[in-house]
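Summary of structural features
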Amino acid sequence: EKQGYDTFMLKEIHEQPRAVADTLLGRFDEGRLHLDELQTDEREFGRVDKVFVLACGTSRYAGMVAKYAIEHWAGIPCEVEEASEFRYRDPILDPHTLVIAISQSGETTDTIAAALHARDQRAPVIALCNIVGSTLAREADGVLYTHAGLEVAVASTKAFTTQIVGGLLLALYLAQQRGRMYGSEIEDILGRLQQIPSALEQVLELDGEIRQLAEQYQAVPYTMFIGRHVGLPIAYEGALKLKEISYLHAEAFAAGEMKHGPIALIEDGSLVVALAAAGHVFGKMVSNIQEVRARGASVLAIGTEGSTADLKANADHVLTLPEAPHELAGPILSVVPLQLFAYHIATLRGEDVDQPRNLAKTVTVE
Ligand code: M6R
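First, a word on scope: everything that follows refers to the structure included in this document. Everything quoted here is computed from the prediction, not taken from an experiment. (Residues numbered from 1 in each chain as written. Predicted model: local features only at pLDDT ≥ 70, side-chain atom pairs only at ≥ 80, totals over all residues. Heavy atoms only, no water.)

In spatial order, the strands read 4-3-5-6-7; together these 5 strands make up an open sheet with parallel pairing. At either end of the open sheet lies a strand with only one pairing partner, and these are strand 4 (78-82) and strand 7 (142-145). Across the sheet, the mean angle separating the axes of adjacent strands is 20° when strand polarity is ignored. Bridge count for strand 5 (residues 97-103) against strand 6 (residues 125-129) is 5 bridges, and the pairing is parallel. Opposite A101, over in strand 6, you have A127 as the bridge partner. In this fold helix 4 (residues 57-74) packs onto strand 3 (50-55), strand 4 and strand 5, with an angle of close to 175° to the strand it touches most, strand 4. (Pairing = 2+ DSSP bridges. Helix = DSSP H or I, 4+ residues; strand = E, 2+ residues; numbered from the N terminus. Axes fitted to C-alpha atoms, helices over the stretch in contact; angles between N-to-C directions. Contact = heavy atoms within 4.5 Å.)

Structure below.
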């Protein structure tokens, strides 16, 4: 059932164009975005004045991307938090607070408990979930399903990219229900998002180049990932993927935080992976790249067609991705080279990528 691939993880990485296309399918009709499967009172969404996104691990990083979209398109304040932290503090919730609980499996104990905690305080809960009929899906007031298909590898890949799509759809839906965006505007954005599957195919063609980089860096003991804005959750996700399957030390930082401490770690031979798509924070990323390089780091930059010329003058290696059809959708493309980089490093080091040590696919204990 690996369909010719060596591992489930590699198969699932390659399934992303299809998974993303399926998650986008059939959402727009008669001038409106429909998320019928949510099965909640449509008007309720128009009254939301605060959003909490609760999740664990990779799903939380998808939630961070959703936050930028919810604030930008829907104009609603949004917080993202580890489900395991949320349930042990005293969050202020009321019926106008929307809780979005993100979980691939729908069986993660912490996420379910956080959702129930919110529901007890009369906040409506929407699950963004991949498994139909899972506990979270059943307990929530409404569900938006991602259509990633079964994800077997412990390291989440296609579930993550489809969760980002789901988060963007929820943000657009909230914008529509609040009257912040009109049908034509939403239709235009959705039309542009339809280009993502073919852009993902293009990104997957970088595999050979990424494998060569992995060969070069497979013995680097510490890798630092840096990003800003939507590049930041992808920096976190890139570091998590590398730790999970290669067992090498990896950390991620908001690039602007480097000077406040982490840059002290940089020395000759350090590897820094920089998320550096063209966009409103690109100039700042270039300064951060220059700073770490001046202290001896080798920099692998993940750029886009519009940023690659500047990056070539500043970084040691540049991977050039197609331009995303919208800046907020950029992470769906930029995470893929980091999935492949972690994958190749781990396999070159002889690790079992589908079943990494100490980890379970679904964490059903606290
Ligand atoms: O099933 P969930 O989305 O609730 O799982 C959450 C995390 O356990 C999961 O994303 C984990 O971080 C992955 N192993 C990451 O690759």
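Along its 16 residues, helix 12 (residues 231-246) runs 22 Å from first to last C-alpha, staying within 8% of the 22 Å computed at 1.5 Å per residue. Along helix 12, 14 of the 16 residues are buried, which leaves the element largely enclosed by surrounding structure. (Expected span 1.5 Å × (residues − 1). Buried < 20%, exposed > 50% of the residue type's maximum accessible area, 1.4 Å probe, protein only.)

All right, on to the packing of aromatic side chains then. For the structure shown, the criterion picks out 3 aromatic pairs. Between F45 and Y173 the ring centres are 5.2 Å apart and the planes differ by 75°, which places this aromatic pair in the edge-to-face class. On the criterion of sequence distance, the pair formed by F45 in helix 3 (residues 42-46) and Y173 in helix 8 (residues 158-177) is long-range, its members being 128 residues apart. Both residues of the pair, F45 and Y173, count as buried. Across the ring face of F52, the terminal group of K50 is positioned such that the distance to the ring centre comes to 4.6 Å. A cation sits over an aromatic face here: R357 above Y247, 3.9 Å from the ring centre. (Phe/Tyr/Trp six-rings, centres within 6.5 Å; stacked < 30°, edge-to-face > 60°. Lys NZ or Arg CZ within 6 Å of the ring centre and 35° of its normal.)

Here we come to unusual backbone geometry. A negative phi angle is the norm for most residues apart from glycine, just as the trans form is the norm for most peptide bonds. Even without being a glycine, R122 presents a positive backbone phi close to 65°. In this structure, R122 sits in the loop between helix 6 (109-120) and strand 6. Given a relative accessible area of 61%, R122 falls into the exposed group. For Y247, which is not a glycine, the phi torsion comes out positive at approximately 65°. Counting through the fold element by element, Y247 comes out in the loop between helix 12 and strand 9 (249-254).

Another point: the pairing of strand 8 (residues 222-227). Of all the 6 residues making up strand 8, 5 are buried; the element is thus mostly covered by neighbouring parts of the structure. Judged from the 6 bridges that link them, strand 8 and strand 9 form a sheet pairing that is parallel. Paired with T223 across the bridge in strand 9 is A250. Crossover strand 8 to strand 9 through helix 12 is right-handed. Across 4 bridges, the pairing between strand 8 and strand 10 (residues 271-276) is parallel. Residue pairing across strands places T223 opposite L271, the latter belonging to strand 10. (Right-handed = clockwise from strand over helix to strand, strands pointing away.)

Our focus in this paragraph is the side chain of H326. Structurally, H326 can be placed in the loop between strand 12 (317-321) and helix 15 (330-348). Contact partners of H326, with chain neighbours within four places excluded, come to W73 and R192.

So, about a negative patch on the surface. On the surface, D29, E30, D36 and E42 cluster together to form a negatively charged patch. Inspection of the secondary structure puts D29 in strand 1 (residues 28-29). Judged by relative accessible area, D29 falls into the partly exposed class, the value being 45%. (Patch = residues over 30% accessible without salt bridge, like charges linked within 9 Å, V, L, I, M, F, W, Y side chains within 5 Å. Areas by Shrake-Rupley, 256 points an atom, 1.4 Å probe, with all protein chains shown as cover. Salt bridge = Lys/Arg side-chain N within 4 Å of Asp/Glu carboxyl O. Lys, Arg positive; Asp, Glu negative; His and termini not counted. Charge placed at Lys NZ, Arg CZ, Asp CG, Glu CD.)

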